[in-house]
Each structure stands twice: as C-alpha cells, then as structure tokens.
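So you can see what is in the structure, the chains are spelled out below.
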Amino acid sequence: MPELPEVETIRRDLQRGILNKIIKRVHIFDSRILRQPAKEISQKLSGCAIEAVVRRGKALALELSSGEHWIVQVMMTGQLILNGPRGRHTRLALDFTDGDCLLYNDQRVFGQLRVVADFQDVPYFRILGPEPFDDAFNDAYIAAYLKKTKRPIKNVLLDPGFVAGIGNIYASEILFQCRISPKRRGHRIKLSEAALLHQHTNAVLKQAIAMRGSSMRNYLDGAGKKGKFNQRLKVYARAGKPCAHCGSPIERIVQAGRSTFYCMKCQI
DNA sequence: AGGTCGACCTGGCAGC
DNA sequence: TGCTGCCAGGTCGACC
C-alpha cells in the first residue's frame, strides 16, 4: 500500500475535497473488497455526511454523521480519487448530493472496506502500535521494544505492532539514514541507535509527506496524481546502483519474503 | 510464544 | 507472438 506518507497525502486531499458532503448513492462493482454484506455497507453510508477524515497507521477513517466510521485500508494498490474517470479497477463509487463522485480503485483487490461503530472492530487497529509522530514513540520505547526481540531490525520496522505506518520502502530508507544494517537483530541495537531510529523515522516520513509520497507502480493521491518522493529514494529499488554516500553498489536481499535494499559498506 | 510463511489478487516485465 | 516465472507499496491466519 501506500505507506504512511501516501495515506496521509490522500487524507489531506479528501479532507479538503469531501468534507461535509452528503452521500447520495453507493455503487458497488466488486464486493470482494467489502468486509460486510454489500447491502449493509450501502445502507450505512447512504444519507450520511462526511464530518472528518482521519488516519491511523495506513488506514483511513471517514467519520460519518451517523457516528460510525467508514474504514478504508487501501493495502497495496487501492486508490481513493475524487472525480476521476471510472476504470476497470473501480470497485466502488460514491455519489454525493452536490454531483461530486468518490472512486475506490484497486487493481489487486487486497483493500478492505467496512463501516464500524467501534475502531476495535477492525483487526488492524487492535494490534496497532504508536504513531511515529506521537510522544509514545520515543527513544525509551524504541530501545525497550528492541531489547526484547531477536528479529532483524528491518522486520521490526515493518511490524505495525511496533510502529504504525512504516512499510517496505520507508523501512529501507530509514535504516540507510541511520547507517544501520537491516540484518542487525533488535536486541543488538544500542540506545544511541534507538535515538537515531526515532530521529530518522520522523525525518524521512516528514520529507516524504512534504513531497506527497512515493509512486512506484500504483500509488496515486486523492486527485489521481503521482507522488514525487521516489526521486529522493537513496536505496529502495536501487539494486546495483551506487550508494549516494560511498559509491559502492546497493544490495538487494530478501527478509521475511520482502525485498530489502541497503549499502553493505555504510550500514553495519 | 515468538517468528516465519503462504494466501489473498492482478498485471507488468524479462527471458526464452 | 506467446508462454512462463518473477516481482510488486500489506495484512492475517496457519504453522513451526
């Protein structure tokens, strides 16, 4: 999916674009993305106004005037686009009373949509760790968490229970900025390095949000446009290309079934 | 109990 | 051209 910076960009676009609009009609083209019966979702959305758009980790919650939350997890290939052209990957569309239309597109159909009264009804929220920009995500928390695990640090960064919102792209980028090898085990991370992880997690994510995210293949923002942070990526998807720091080739390895990119010389 | 591995899907691309 | 295999930003349940 889009990771935190991409989802945050979509959130900001929607917050500007659909606030206070009233849902007139719901069109469901593919119910595989729904975690509730189509009829129930339609009924719960129809007639509601969108009162706020909030983000938690990589999930969006659209606050409805009924008091319920429309939870959208876009996963790898989901897109929420206002007034875009309908395509063969459009799985759902909302007509607003003012004539605007919100599309949910999803090539791989991994996305999950549901309307809930309580955030705890969403499995993802039940296990979710602190937001990277929250006070709860601090040097002491990071150090204490890492101390009790032997998993490679890359896998820990990807774990939503440790911190919300970091995915495969930013995990590699953050570790490069910290000069820490993705293979280093959690309990081998020093206190000073926990502080570095904290600092660079915030810095990398903030910069990516400022550039409206990274578009590798499928990600588009709420207006259907690509993000610009790809140009700033130092290691992700750069196997064989020179390290920006020392010039030696960037390596690609596989950890927990996912690609990791890093510089063997700079990251120890 | 901590940690890893498929499954869930579609489509683009490289190689033959 | 057309086939095969690999790869892709996430999450979750099954299994070791």
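The shown structure was predicted, so the numbers you read here are calculated from the model rather than taken from an experiment.

**Focus on the packing of aromatic side chains**
1) Next: A complete count under the given rule lists nine aromatic pairs for this structure.
2) Next: Measuring from centroid to centroid gives 5.9 Å for Tyr 141 and Tyr 145, while their planes differ by 50 degrees, and the two rings are tilted. Here Tyr 141 and its partner Tyr 145 are both found in helix α4 (residues 139–147), four residues apart, which amounts to about one turn of the helix.
3) Next: What makes Tyr 141 partly exposed here is its relative accessible area of 23%.
4) Next: A relative accessible area of 17% places Tyr 145 in the buried class.
5) Next: One aromatic cluster in this structure is built from Phe 137, Tyr 141, Tyr 145 and Phe 162.
6) Next: When the ring centre of Phe 176 is taken as origin, the NZ or CZ atom of Arg 179, which lies over that ring, is 4.9 Å away.

**Quick word on unusual backbone geometry**
1) Next: Phi at Asn 83 takes a positive value of approximately 55 degrees, unusual for a residue other than glycine.
2) Next: The residue Asn 83 is located in the loop between β5 (78–82) and β6 (90–96) in this model.
3) Next: Residue Asn 83 is classed as partly exposed on the basis of its relative accessible area of 45%.
4) Next: In the Ramachandran plot, Ala 256 falls in the positive-phi region, its phi being about 50 degrees despite a non-glycine side chain.

**Structural notes on the pairing of strand β2 (residues 50–56)**
1) Next: When β2 meets strand β3 (residues 59–64), the two strands line up antiparallel, connected through six bridges. Looking at β3, one finds that Val 54 is bridged to Ala 61.
2) Next: Hairpin connection of β2 to β3: two residues between the antiparallel strands, including Gly 57 at a positive phi of 60 degrees.

**Some points on the domain arrangement of chain A**
Frequently, the measure chosen for interface size is the accessible area removed from exposure when the parts meet.
1) Next: Taken domain by domain, chain A holds domain 1 (4–126) and domain 2 (139–262).
2) Next: A C-alpha centroid distance of 28 Å is found between domain 1 and domain 2.
3) Next: In this complex, domain 1 contributes 18 residues to the contact, which on the side of domain 2 involves 19 residues.
4) Next: Summed over both partners, the interface of domain 1 with domain 2 comes to about 1600 Å²; 60% of that surface belongs to carbon and sulfur atoms.

**Points about the protein's contact with DNA strand B**
1) Next: Around DNA strand B, the neighbouring residues are Arg 32, Arg 88, His 89, Gln 107, Arg 108, Phe 110, Thr 149, Lys 150, Arg 151, Pro 152, Asn 155 and Arg 217.
2) Next: Counted by atom, the contact set of DNA strand B within 4 Å of the protein is 65% sugar and phosphate.
3) Next: Contact between DNA strand B and Arg 88: a phosphate oxygen at 3.0 Å from a side-chain N or O atom of the residue.
4) Next: Split by residue class, the surface near DNA strand B holds two nonpolar, four polar and six charged.

**Topic: the side chain of Gln 36**
1) Next: Mapped onto the elements of the fold, Gln 36 is located in the loop between β1 (23–28) and α2 (38–45).
2) Next: A distance of 2.6 Å separates the side chain of Gln 36 from the backbone oxygen of Val 115, its partner in a polar contact.
3) Next: Those residues within four positions of Gln 36 in sequence are excluded, and the remaining contacts are Ile 41, Lys 44, Arg 114 and Val 115.

**Re the nonpolar core**
1) Next: Counting 36 residues, the largest nonpolar core has Phe 162, Ile 166, Tyr 170, Ile 174 and Leu 197 as its most contacted members.
2) Next: Going through the elements one at a time, α4, α5 (153–158), α6 (168–178) and α7 (191–210) are the ones with two or more residues in this core.
3) Next: Among the elements that make up this core, the one with the highest residue count is α6 (seven residues).
4) Next: Sequence-distant contacts of Ile 166, that is, excluding residues within four places in its chain, are made with Glu 3, Lys 58, Leu 157, Leu 158, Ala 171, Ile 174, Thr 201 and Leu 205.
5) Next: Core analysis: the next-biggest nonpolar cluster, separate from the first, contains 29 residues, Ile 23, Val 53, Leu 64 and Tyr 104 among them.

Conventions used here
Residues numbered from 1 in each chain as written. Chains lettered and ligands numbered in written order. Predicted model: local features only at pLDDT ≥ 70, side-chain atom pairs only at ≥ 80, totals over all residues. Heavy atoms only, no water. Phe/Tyr/Trp six-rings, centres within 6.5 Å; stacked < 30°, edge-to-face > 60°. Helix = DSSP H or I, 4+ residues; strand = E, 2+ residues; numbered from the N terminus. Buried < 20%, exposed > 50% of the residue type's maximum accessible area, 1.4 Å probe, protein only. Lys NZ or Arg CZ within 6 Å of the ring centre and 35° of its normal. Pairing = 2+ DSSP bridges. Domains from an automatic or database assignment. Contact = heavy atoms within 4.5 Å. Buried area = accessible area lost by both parts, 1.4 Å probe. Near = heavy atom within 4 Å. Polar contact = N/O pair within 3.5 Å; in protein donor to acceptor, adjacent residues only side chain to side chain. Nonpolar A, V, L, I, M, F, W, Y, C, P; charged D, E, K, R; others polar. Core = buried A, V, L, I, M, F, W, Y, C linked by side-chain atoms within 4.5 Å.

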